[in-house]
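Architecture at a glance
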Amino acid sequence: MDTNIKTEASFDDFLALDIRTGTIIEAEDFPKAKRPAYKLKIDFGPLGTKVSSAQITKLYKKEDLIGKRIIAVVNFPKKQIANFFSECLVLGAVKDNGEVVLLTTNEECENGVAIG
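The shown structure was predicted, so the numbers you read here are calculated from the model rather than taken from an experiment. (Residues numbered from 1 in each chain as written. Predicted model: local features only at pLDDT ≥ 70, side-chain atom pairs only at ≥ 80, totals over all residues. Heavy atoms only, no water.)

**A look at the pattern of salt bridges**
Under the convention used in this document: One side-chain nitrogen of Lys or Arg within 4 Å of one carboxyl oxygen of Asp or Glu is enough to make a salt bridge. What counts as a helix is a DSSP run of H or I of at least four residues, what counts as a strand is a run of E of at least two, and both are numbered from the N terminus. Burial classification: accessible surface area is computed with a 1.4 Å probe over protein chains only, and a residue below 20% of its type maximum counts as buried, one above 50% as exposed, and the rest as partly exposed.
Across all of its chains, the model carries five salt bridges by this definition. Note that Lys62 and Asp29 form a salt bridge whose closest N and O atoms lie 3.1 Å from each other. Of this pair, Lys62 sits in helix H2 (residues 62-65) while Asp29 sits in strand S1 (residues 19-29), and the two are 33 residues apart along the sequence. By relative accessible area, which is 26% here, Lys62 ends up partly exposed. Lys78 is paired through a salt bridge with Glu87; the nearest N and O atoms lie 3.9 Å apart. Lys78 gets classed as exposed once you look at its relative accessible area, which sits at 58%.

Quick look at the structure:
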């Protein structure tokens, strides 16, 4: 477990992040990624849909991801990964073995709800 705390951030740094709930509506293999990943299409309700590359293949099968509610940062600039432009960062807890456990909500809520 990584116990090193990163450089201190201000509350304003946190407020600059737009973190929202979304639901995965499509998942497909991404063979051109350097590390195993899926291409995800995520519904963020009133914000529309965004796509993301996510290295979550160790714990999740594509078919099990459809309909899964996730948490993502939606206001980072697009990031090119191979021939794909990721539009948001899906959040997860990274275990020591590299497995990523997706962050989600306990209760149902609409897509696009802000996290704060």
